[in-house]
Amino acid sequence: MEEDILTTLKILIIGESGVGKSSLLLRFTDDTFDPELAATIGVDFKVKTISVDGNKAKLAIWDTAGQERFRTLTPSYYRGAQGVILVYDVTRRDTFVKLDNWLNELETYCTRNDIVKMLVGNKIDKDNREVDRNEGLKFARKHSMLFIEASAKTRDGVQCAFEELVEKIIQTPGLWESESHNRGVRLSDEEGGRGGSCGGYCSML
Amino acid sequence: MRMDETLVSADGKNSRAVLCQRCGCRVLSVGTATLAKRELLLPSMKKKSSLADESNPDTELLVEHWLVHDMFTFENVGFTKDVGNVKFLVCADCEVGPIGWHSLEEKSNFYVALQRVRHE
């Protein structure tokens, strides 16, 4: 039998240009086919199904697809989002410094104040690191964000990041209940008893 | 090319899960889409097609599609930015495509070409 669909969620991926936001969404990067089309036109958003505690959540994941370069992210991009993944490049301190700007923008445009945030320090497979893990962790704690270091290249931590974020959103019932009224079944008596959500869900696919 | 009749169940739905040809990512679960015949032009998948150059479209006419009416029916799928009033569908995991077609004028129709996917 198919699992029940718990809810549908809108997730944003934001951060400076070149930090690897788009590639965070890619699980396979071999060269058998030419992904020319997506590269030329650009991907607007993706629907992904993720399993959390035996329930399926459908995610609509929006990547800025380069618009951040021109600072043209519109309020509609942010509207209704329940989760946001904030990405920086651990080999470029400037992308870490700019996180404050992104948080400000988020605060300005987000229609909810309980949006779940996750910080991703990307490209840890490179050796010219400029931002160490502790700095990332500290920043995340200060702003009540989940934190993970990742490498899209090795796919380390990426699946984990999505699962943790979704887990956290689901643990914040006010954030998604209203979205699920006409979609499948609500989670029964699952809430509570699931303590700190950081770590422990890294099923590398 | 004749389509494989065993792909369609008695009620016209997909009897097998629909997967990405390249990476196996699951696009549609069993029984979630209806077979629909419609002539749609999709840019070629494997060759370097320059979509920016519309005077030289390297396209293919495809007729058999899996049709769904809600984007959240998909297990995994990516939508390109608008090309005219069309969004092409690509694999969510590897971005190969286009595997399907969606017109902004038909808000609740999403087509996935049978020839552009694999069946489990």
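Residues numbered from 1 in each chain as written. Chains lettered and ligands numbered in written order. Predicted model: local features only at pLDDT ≥ 70, side-chain atom pairs only at ≥ 80, totals over all residues. Heavy atoms only, no water.

A look at the overall build of chain A
To be explicit about the condition: Under the DSSP-based scheme used, a helix requires at least four consecutive residues in state H or I and a strand at least two consecutive residues in state E, with every element numbered from the N terminus. Residue burial is assigned from relative accessible area. The probe radius is 1.4 Å, only protein chains are included, and a residue is buried under 20% of its type maximum, exposed over 50%, and partly exposed in between. Contacts between residues were defined by any pair of non-hydrogen atoms, one from each residue, lying within 4.5 Å. Using the Shrake-Rupley algorithm and a 1.4 Å probe, accessible areas are obtained, with residue cover drawn only from the displayed protein chains.
In terms of helices and strands, chain A carries 7 helices and 6 strands. Listing every helix and strand of chain A by position from the N terminus yields β-α-α-β-β-α-β-α-α-β-α-β-α. Here chain A holds 205 residues, and 51% of them are scored as buried. Put simply, 79% of the contacts in chain A that link residues at least 6 apart link residues at least 24 apart. Working note: accessible area of chain A is about 9700 Å², and carbon and sulfur atoms make up 48% of it.

Focus: unusual backbone geometry
Residue Pro98(B) is reached from Gly97(B) by a cis peptide bond, and omega for that bond is 0°. Inspection of the secondary structure assignment puts Pro98(B) in the loop between strand E6 (86–90) and strand E7 (100–103). Positioned with a positive phi, Ser144(A) is a non-glycine residue whose angle comes to about 50°. By the secondary structure assignment, Ser144(A) is in the loop between helix H6 (133–142) and strand E6 (146–149). The phi angle at Glu95(B) is positive, at roughly 65°, despite the residue not being glycine. In this structure, Glu95(B) sits in the loop between E6 and E7. According to the relative accessible area criterion, Glu95(B) is buried, its value standing at 14%.

Some remarks on the nonpolar core
Formally: Joining through side-chain atoms within 4.5 Å is the link that ties buried Ala, Val, Leu, Ile, Met, Phe, Trp, Tyr and Cys residues into a set, and such a set is a nonpolar core.
Within the largest apolar cluster, 30 residues are counted, with the highest numbers of intra-cluster contacts made by Leu59(A), Ile85(A) and Phe162(A). Put simply, the parts of the chain that give this core at least two residues each are strand E1 (5–15), strand E2 (43–52), strand E3 (55–63), strand E4 (83–89), strand E5 (116–122), E6 and helix H7 (158–170) of chain A. Looking at this core, the element that brings in the most residues is H7(A), giving 8 residues. Counting residues in each nonpolar core, the second largest holds 29 residues, with Val47(A), Met45(B), Leu89(B) and Ile99(B) among its members.

A word on the environment of Ser108(B)
Residues and elements named next belong to chain B. In this fold, Ser108 is placed in the loop between E7 and strand E8 (110–113). C-alpha separation for the pair Ser108 and Ser15, spaced 93 residues apart in sequence, amounts to 22 Å. When near neighbours in sequence (up to four residues on either side) are disregarded, Ser108 contacts Val68 and His69.

As for the environment of Ile148(A)
Along the polypeptide, Ile148(A) turns up in strand E6. For the pair Ile148(A) and Gly121(A), spaced 27 residues apart in sequence, the C-alpha to C-alpha distance is 6.4 Å.

A word on the confidence of the model for chain A
Residues and elements named next belong to chain A. Our working definition: Along the chain, pLDDT gives the predictor's confidence residue by residue, from 0 to 100.
For chain A, per-residue confidence averages 76 on the pLDDT scale, and 70% of positions sit at 70 or higher. For the stretch residues 29–34, pLDDT sits under 50, and the model shows 11 contacts to residues farther than four places along the chain or on other chains. Low pLDDT, under 50, characterises residues 179–205; the stretch is placed with 49 contacts to residues that sit more than four places away or in other chains.

Re a nonpolar patch on the surface
Residue and element names in this part refer to chain B. As a reminder of what qualifies: A patch consists of residues whose relative accessible area exceeds 30% and which take part in no salt bridge; residues with like charges are grouped when within 9 Å of each other, and nonpolar side chains (Val, Leu, Ile, Met, Phe, Trp, Tyr) when within 5 Å. Think of a salt bridge as a Lys or Arg side-chain nitrogen and an Asp or Glu carboxyl oxygen that are within 4 Å of each other.
On the surface, Leu41, Leu61 and Val63 cluster together to form a nonpolar patch covering roughly 250 Å² of accessible area. Residue position: Leu61 is located in strand E4 (residues 59–68). You can call Leu61 partly exposed: its relative accessible area is 47%.

Observations concerning the state of the cysteines
The criterion, for reference: Count a disulfide wherever a pair of cysteine sulfur atoms falls within 2.5 Å.
For the structure shown, the criterion picks out 0 disulfides over all chains. In this structure Cys94(B) is not part of a disulfide, and its nearest cysteine sulfur, from Cys91(B), lies 3.7 Å away.

With respect to the pairing of E7(B)
Residues and elements named next belong to chain B. Let me state the cut-off plainly: Any two strands between which DSSP finds at least two bridges are classified as paired.
Alternating positions in E7 separate into two faces, Gly100 and His102 on one and Trp101 and Ser103 on the other, with burial throughout. Sheet topology note: the E6/E7 ladder contains 4 bridges and is antiparallel. Paired with Lys87 across the bridge in E7 is His102. One ladder, built from 2 bridges, connects E7 with E8; its direction is antiparallel. Of the residues in E8, the one forming a bridge with Trp101 is Tyr111.

Section: the sheet that holds strand E2 (residues 26–28) of chain B
Residue and element names in this part refer to chain B. Spelled out, the test is: For helices, the axis comes from a line fit to the C-alpha atoms of the stretch in contact; other axes are also lines fit to C-alpha atoms, and the angle between any two N-to-C directions lies between 0 and 180 degrees.
Within the open sheet, the 3 strands sit side by side as E2-E1-E9. Their pairing is antiparallel. Edge positions in the open sheet fall to E2 and strand E9 (117–119), since each of these has one partner strand only. Pairs of neighbouring strands in the sheet enclose a mean axial angle of 45°, with direction left out of account. Pairing geometry for strand E1 (residues 18–20) and E9, over 3 bridges, is antiparallel. Within E9, the residue paired with Val18 across the bridge is His119.

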